[in-house]
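Observations on the three-dimensional arrangement
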Amino acid sequence: MAVAEIIGAAVGVLLLVVVAYVLVGGTLTAAETVATAQKDLTLLNEARLRTSFNISSTEPLGTCTTGPCLNFSITNNGNEAITDLPHMDVFSFDTVNGYIRYTYVKKEDDVGDPKTWTIRYFGNDEIHTGELDPGVTLWIKTNLPSGSAPTSIQVTTGNGVSTSSKL
């Protein structure tokens, strides 16, 4: 009988150790997850603060080979490279259609579908080709819907920084 009590006590202590290990491990994992999330949020906020760009020039509304279009350039005048260009949002406003959102298409897939935009080319892009580094100019072509004459355009990056210009 005494041996059964000793075995029962040992099993009880072992179960207490296992439960404590699981609770401490779960707490440490949760704390690490929260700390990593806070660090990532801080890095995103710092990147947002260093991001700055402006619409540097626009060409007059014209007709491209694929239909009516608007060409304009943006220049990165901040300290952060803008690398996720396909996820930039391009908007225009006109009195007939209101706000129009343009969807990104690759240059080789650009067939002139209305409400799409594509990258025409980069100016003085020597360091990271295909990225909007500080000091680099990016030319954008927007395919306008028929009868649309935008009065303003807006570009918003993936991290939420935007710029706009009246035409």
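Just so it is clear, the structure is predicted and the values come from calculations on it, not from any experiment.

Reading guide: rules and limits
Residues numbered from 1 in each chain as written. Predicted model: local features only at pLDDT ≥ 70, side-chain atom pairs only at ≥ 80, totals over all residues. Heavy atoms only, no water. pLDDT = per-residue confidence, 0-100. Helix = DSSP H or I, 4+ residues; strand = E, 2+ residues; numbered from the N terminus. Contact = heavy atoms within 4.5 Å. Phe/Tyr/Trp six-rings, centres within 6.5 Å; stacked < 30°, edge-to-face > 60°. Buried < 20%, exposed > 50% of the residue type's maximum accessible area, 1.4 Å probe, protein only. Core = buried A, V, L, I, M, F, W, Y, C linked by side-chain atoms within 4.5 Å. Patch = residues over 30% accessible without salt bridge, like charges linked within 9 Å, V, L, I, M, F, W, Y side chains within 5 Å. Areas by Shrake-Rupley, 256 points an atom, 1.4 Å probe, with all protein chains shown as cover. Salt bridge = Lys/Arg side-chain N within 4 Å of Asp/Glu carboxyl O.

Some remarks on the confidence of the model for the chain
- Averaged over all residues, the pLDDT of the chain equals 88, while 99% of them reach at least 70.
- Within the chain, the element-level pLDDT minimum falls on strand E2 (residues 62-64), averaging 75, and the maximum on strand E8 (residues 152-156), averaging 94.

Points about the environment of Ile119
- If you trace the backbone, Ile119 turns up in strand E6 (residues 116-123).
- Considered as a pair, Ile119 and Thr142 are 23 residues apart in the sequence and their alpha carbons are 9.0 Å apart.
- Each residue touching Ile119, except ones within four places of it in the same chain, is listed here: Leu85, Tyr104, Lys107, Leu138 and Trp139.

A word on the packing of aromatic side chains
- Under the criterion given, the structure shown has three aromatic pairs.
- Centroid distance Phe93 to Tyr99: 4.8 Å. Interplanar angle 50°. Geometry classified as tilted.
- Look at Phe93 and you get partly exposed, because its relative accessible area is 27%.
- Judged by relative accessible area, Tyr99 falls into the exposed class, the value being 65%.
- Ring centres of Tyr121 and Trp139 lie 6.0 Å apart, and the angle between their planes is 25°; on these two criteria the pair is classed as stacked.

Looking at the nonpolar core
- Phe72, Ile74, Met88, Leu138 and Val155 are the most contacted members of the largest nonpolar core, which totals 21 residues.
- Contributing elements (two or more residues each) for this core: strand E1 (53-58), strand E3 (67-76), strand E5 (98-104), E6, strand E7 (137-143) and E8.
- Ranked by residue count, the leading element in this core is E3, at three residues.
- Not counting residues within four places of it along the chain, the set of residues in contact with Leu138 comprises Phe72, Ser73, Ile74, Leu85, Met88, Ile119, Tyr121, Phe122 and Leu132.

Quick notes on the side chain of Thr142
- Checked against the element boundaries, Thr142 lands in strand E7.
- Look at Thr142 and you get buried, because its relative accessible area is 2%.
- With residues up to four places along the chain from it excluded, the contact list for Thr142 reads Pro68, Cys69, Leu70, Phe72, Val90, Tyr102, Thr116 and Trp117.

With respect to unusual backbone geometry
- Backbone geometry at Lys115 places phi at a positive 65°, although glycine is not the residue there.
- For Lys115, the location among the structural elements is in the loop between E5 and E6.
- Under the relative-accessibility criterion, Lys115 is labelled partly exposed at 42%.
- The phi dihedral of Asn124 falls on the positive side, at around 45°, and the residue is not glycine.

Side note on a nonpolar patch on the surface
- A cluster of nonpolar side chains, namely Val3, Ile7, Val11 and Leu15, defines an oily patch on the protein surface of about 380 Å² accessible area.
- Looking at where Ile7 falls in the secondary structure, it is placed in helix H1 (residues 2-50).

Quick notes on the environment of Val11
- Looking at the element boundaries, Val11 is found in helix H1.
- Each C-alpha atom, one on Val11 and one on Gly67, is 80 Å from the other, the two residues being 56 residues apart in sequence.

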